[in-house]
Amino acid sequence: MAAQTPPRAEVTVDLDAIRHNVALLAARAGEAATMAVVKADGYGHGAVEVARAALRGGATWLGSCSAAEAVALRDAGIDAPILAWLDLPGVDVPPGIDIAVSSIEHLNTLSGRRIHLKIDTGLSRNGCPRELWPDLVAAAAASDNEVYAVWSHLACADEPGHPSVDSQAKRFAEAYQIALDAGLNPKRHLANSAATLDRPDLCFDMVRVGIAMYGLNPLPTKEDLKPAMTFRSSVALTKRIAAGESVSYGQSWTAEKPTNLALVPVGYADGIPRLLSGRFDVLLGGVRRPVRGRVCMDQILVDCGDDVVEVGEEVVLFGPGDRGEPTAREWADTLGTIDYEIVTGMYRPRLTRRYVG
Ligand SMILES: *Cc1c(COP(=O)(O)O)cnc(C)c1O
């Protein structure tokens, strides 16, 4: 231990937690296969390592946004089926990667591929509009592509009981029937993490799980998910300041009594949103302590009161929360956003990523 330099800015990813979460989700999905969604470098956790852990946990498919993300998985030697769902027209998707198709124009550029026809059931994002669906299905049936699945994506699955879920499910059933009537026999996939946990009736042949696999619960209910990511740094310098001294740019915080400050060498360049200034704590020496003044590019200052902390001591910015440290969810709630954005924002060259488990 003594010889090790403490981390300046380190994200650790607990691969046992990923595996645990995937196993839980796969069990909830019942007979349905589990696609582990590893887009955006595995929501900031590292796509290749997460994909391997997910496949060990019982996932059999991988989902990526772009073809480039899918190719990175193949280049790492991962041979599980991968669906890449959103590329610009003309992007070359190498053979062996499944392609999502939302339009006849796109279909017409493909030959001999395995495709997943996407119906827009109410998100108005990608997916084929309902009035164009019969033509897309007919064209796909007449093409030399293999229609592996019909699929869609839910808008409000994280709000249990939201009427849009049933309305989207109904439109999905209609689209599936049209595919059957055209002589196709596709599989179906609709559920994201929230629907996998909340709507077993919508798991069909496959579920596409993202956020819950990383241990973050999109639902208000309690689930046995383990957050995989911990963000830590170390104390770089300590000092005592007198009453009346102010802290950081803008001097937005002034000490009312003498206090010990710990300088932690991470800032907004490392993924701490500047909007958290004056609104968050860290775990230092087993205690939650407030961060004072503005978040700088490279530094924050922790108020330790009369406690003495040592240079090199561990500082936990966020983690699973089981030691009392803040969570990504807590940051998100303070900022009025979702934890997806917090963890995905931790994919930065300045951070070292370490895998445990
Ligand atoms: C990101 C994404 C998912 C995973 O969603 P989570 O809410 O993270 O489970 C599933 N399907 C599609 C099409 C996506 O883009």
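So, how was this worked out
Residues numbered from 1 in each chain as written. Predicted model: local features only at pLDDT ≥ 70, side-chain atom pairs only at ≥ 80, totals over all residues. Heavy atoms only, no water. Helix = DSSP H or I, 4+ residues; strand = E, 2+ residues; numbered from the N terminus. Buried < 20%, exposed > 50% of the residue type's maximum accessible area, 1.4 Å probe, protein only. Contact = heavy atoms within 4.5 Å. Phe/Tyr/Trp six-rings, centres within 6.5 Å; stacked < 30°, edge-to-face > 60°. Lys NZ or Arg CZ within 6 Å of the ring centre and 35° of its normal. Salt bridge = Lys/Arg side-chain N within 4 Å of Asp/Glu carboxyl O.

S.K.: Give me the lowdown on the environment of alanine 328, citing residues and values where you can.
M.R.: One can find alanine 328 in helix 9 (residues 328-335). The exposure class assigned to alanine 328 is buried, which follows from its relative accessible area of 4%. The spatial distance from the C-alpha of alanine 328 to the C-alpha of arginine 232 is 12 Å, given a sequence separation of 96 residues. Setting aside anything within four residues of it in sequence, one finds alanine 328 in contact with Phe318, Gly319, Asp339, Ile342 and Val343.

S.K.: Kindly report on the packing of aromatic side chains, identifying the contributing residues and their values.
M.R.: For the coordinates displayed, the defined rule picks out nine aromatic pairs. On the basis of an interplanar angle of 40 degrees and a centroid distance of 5.3 Å, the ring pair of tryptophan 61 and tyrosine 148 is categorised as tilted. In this pair, tryptophan 61 sits in strand 3 (residues 61-64) while tyrosine 148 sits in strand 7 (residues 146-151), placing the two residues 87 residues apart along the sequence. Tyrosine 148 matches tryptophan 61 in its accessibility class, with the two residues each being buried. Following the ring pairs from residue to residue traces out a cluster consisting of Phe231, Phe280, Phe318 and Trp331. Above the plane of the ring of tyrosine 148 lies arginine 114, whose end atom (NZ or CZ) is 4.6 Å from the centre. Above the ring of tyrosine 176, the side-chain terminus of arginine 188 is found at 4.0 Å from the ring centroid.

S.K.: Talk me through the pattern of salt bridges; I want residue IDs and the actual numbers.
M.R.: The full count for this structure, using the stated rule, is 19 salt bridges. Taking the shortest distance from any N to any O, the salt bridge between aspartate 41 and arginine 353 comes out at 2.5 Å. Placement of the pair is aspartate 41 in helix 2 (residues 39-43) and arginine 353 in strand 19 (residues 352-356), with a sequence separation of 312 residues. Overall, arginine 353 belongs to the partly exposed group, its relative accessible area being 27%. Between arginine 292 and aspartate 303 there is a salt bridge, with its nearest N and O atoms 2.8 Å apart. Here arginine 292, found in strand 16 (residues 287-292), pairs with aspartate 303, found in strand 17 (residues 300-303); they are 11 residues apart in sequence, far enough to count as distant. Since its relative accessible area comes to 10%, aspartate 303 is described here as buried. One continuous salt-bridge network, built from bridges that share partners, spans Arg8, Asp270, Asp298 and Arg350.

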